[in-house]
Amino acid sequence: MPLDEIQTELGRDRSALSAKVAALNARYKHHGATDVMHGALREAGHIALVSSFGAESVVLLHMAAVIDRQVPVLFIDTQMLFAETLVYQQEVSERLGLRNVHVIRADADDVARDDPYGALRLRDTDACCTLRKTIPLQRALSGYDGWITGRKRFQAGSRAALDFFEVEDGTGRIKVNPLAHWAPEDVRAYMEENRLPRHPLVAQGYPSIGCAPCTSPVKPGEDPRAGRWRDQTKEECGIHFIDGKLVRTGEKT
């Protein structure tokens, strides 16, 4: 097929996907997170839930388990996570009865070539995230039509206008954000009402938890994500993009 015909076909596919996402956002505009989750699993194709098993992850994991314990859950083990996160992942999966959890890691050959001593983060945190998070996730998502995230509007400026459903730029997949409109108190209330286990590091001052070398405790009054890549302009790990590029604090989108 000539290049111009391929580009035309891709344009049609994106238009159709954008129309589908717009229809889903309109349909679920006044619905809650559980309804959005149901809708995603029923109407958005073959969907996976991507979870960091971090500070608030248990909320979406519980919702998924209530609906269908066979929902695919993708957990990215960067091999630089806190030991507490690895233990928590196993405990939560067992407690909720999740039956389809996939542990995703970077290709060993890629790590040996690009970060043999585990020091890449010291000179280029973006490259480290790309190697250990972004590339492994994109590979794992290759067979899916979309994925469910735990992103919320209150978490960062780049998420302030987050919708329930989005078109993921450049992949042809749908991203679903059931908790987009939730506030911190909604998360706490859901966890308390359902007696869900908290990540043990939350009690030690970690309201947002990523890789151990790049996560620090947050002081009272600081932004919940202030401990992620502290003293850097980095705001996202690279898994989430806007218009095909990583968005940092202060950048225009």
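A brief look at the structure comes next. Since the model is a prediction, treat every value here as computed from it, not as a measurement. (Residues numbered from 1 in each chain as written. Predicted model: local features only at pLDDT ≥ 70, side-chain atom pairs only at ≥ 80, totals over all residues. Heavy atoms only, no water.)

### Examining the overall build of the chain
Test applied: Strands are runs of DSSP state E lasting at least 2 residues, helices are runs of H or I lasting at least 4, and numbering of each runs from the N terminus. Whether two residues are in contact is decided by their heavy atoms, any of which lying within 4.5 Å being enough. Areas reported as accessible are Shrake-Rupley estimates using a 1.4 Å probe. Residue values count occlusion only from the protein chains shown.
Each helix and strand counted, the chain has eight helices and six strands in total. When the helices and strands of the chain are placed in sequence order, the string is α-α-β-α-β-α-β-α-α-α-β-β-β-α. Taking the intrachain contacts of the chain between residues at least 6 apart in sequence as the baseline, contacts between residues at least 24 apart amount to 67%. Taken as a whole, the chain presents about 12900 Å² of accessible surface, with 49% of it coming from carbon and sulfur.

### Thoughts on unusual backbone geometry
Note the following rule: Three labels apply to residues, based on accessible area from a 1.4 Å probe with only protein chains included: buried if under 20% of the type maximum, exposed if over 50%, partly exposed otherwise in between.
For Phe 53, which is not glycine, the phi dihedral falls at a positive 50 degrees. Residue placement: Phe 53 occurs in the loop between strand 1 (47–51) and helix 3 (57–67). Residue classification places Phe 53 among the buried positions, given a relative accessible area of 0%.

### Observations concerning the packing of helix 3 against helix 8 (residues 184–193)
The condition that has to hold: Angles shown run from 0 to 180 degrees and are taken between the N-to-C directions of axes, each axis being a line fitted to C-alpha atoms and, for helices, limited to the stretch in contact. In this scheme, roughly parallel covers angles under 35 degrees and roughly antiparallel covers those over 145, while 65 to 115 is roughly perpendicular and the rest are oblique. Crossing handedness follows the turn of the near helix against the far one: under a right angle anticlockwise gives a left-handed crossing, and clockwise gives a right-handed one.
Where helix 3 meets helix 8, the axes come as close as 9 Å, and the angle between the chain directions of the two elements is 55 degrees. Here helix 3 is positioned oblique relative to helix 8, judged by the angle of their axes. As helix 3 packs across helix 8, the resulting crossing turns out to be left-handed. Across the interface between the two elements, Val 58, Val 59, His 62 and Met 63 of helix 3 pack against Val 187, Tyr 190 and Met 191 of helix 8.

### Things to note about the sheet that holds strand 1
Inclusion rule: In this scheme, strands are said to pair when DSSP sees at least two bridges between them.
With mixed pairing, six strands are arranged side by side in an open sheet as 3-2-1-4-6-5. This sheet does not close on itself; its edge strands, each paired only once, are strand 3 (101–104) and strand 5 (165–168). Taking the axes of each pair of neighbouring strands and ignoring which way they run, one obtains an average angle of 30 degrees across the sheet. Relative to strand 6 (residues 173–176), strand 4 (residues 146–148) runs parallel, the two being bridged by three bridges. When the sheet's bridge partners are listed, Gly 146 is paired in strand 6 with Ile 174.

### Details of empty space enclosed by the protein
Counted only if it meets this: Within this scheme a cavity is a closed region of a 1 Å grid, computed over the protein atoms alone, that accommodates a 1.4 Å probe without allowing it to escape, whereas a pocket is open but has protein on both sides within 12 Å along at least five of seven lines; lining residues each have an atom within 4 Å of a point. Grid points are joined across faces, edges and corners, and a volume is the space filled by probe spheres set on the points. Three categories are distinguished: nonpolar for Ala, Val, Leu, Ile, Met, Phe, Trp, Tyr, Cys and Pro, charged for Asp, Glu, Lys and Arg, and polar for the others, with Gly belonging to the last.
By the definition in use, this model includes two cavities of 30 Å³ or more. Of the pockets and cavities examined, the largest cavity occupies roughly 110 Å³. Lining the largest cavity are 14 residues, with Cys 129, Lys 133, Cys 211, Cys 214 and Trp 229 positioned closest to its centre. For the lining of the largest cavity, the element with the most residues is helix 7 (residues 125–140), which contributes five residues. Of the residues in the lining of the largest cavity, the class split is six nonpolar, four polar and four charged.

### Section: the packing of aromatic side chains
Convention followed: Between the rings of Phe, Tyr and Trp (Trp by its six-membered ring), a pair exists once the centres lie within 6.5 Å; its type follows the angle of the planes, with under 30 degrees stacked, over 60 edge-to-face, and the other angles tilted.
Evaluation of the coordinates by the stated rule reveals four aromatic pairs. Between Phe 53 and Phe 75 the ring centres are 5.3 Å apart and the planes differ by 80 degrees, which places this aromatic pair in the edge-to-face class. With Phe 53 in the loop between strand 1 and helix 3 and Phe 75 in strand 2 (residues 73–76), the pair connects residues that are 22 residues apart, well separated along the chain. Residue Phe 75 is classed as buried on the basis of its relative accessible area, which comes to 1%.

### A look at the nonpolar core
Within soluble globular proteins, side chains that are nonpolar tend to cluster in buried spots. Applied cut-off: To form a nonpolar core, buried Ala, Val, Leu, Ile, Met, Phe, Trp, Tyr and Cys residues must be joined to one another through side-chain atoms within 4.5 Å.
One finds Met 63 and Phe 165 to be the most contacted residues of the largest nonpolar core, which totals 47 residues. Take this core: its biggest share by element is seven residues, from helix 3. In contact with Met 63, not counting residues within four places along its chain, are Ala 33, Thr 34, Met 37, Leu 179, Trp 182 and Tyr 190. Counting residues in each nonpolar core, the second largest holds nine residues, with Ala 48, Leu 74, Leu 141 and Trp 147 among its members.

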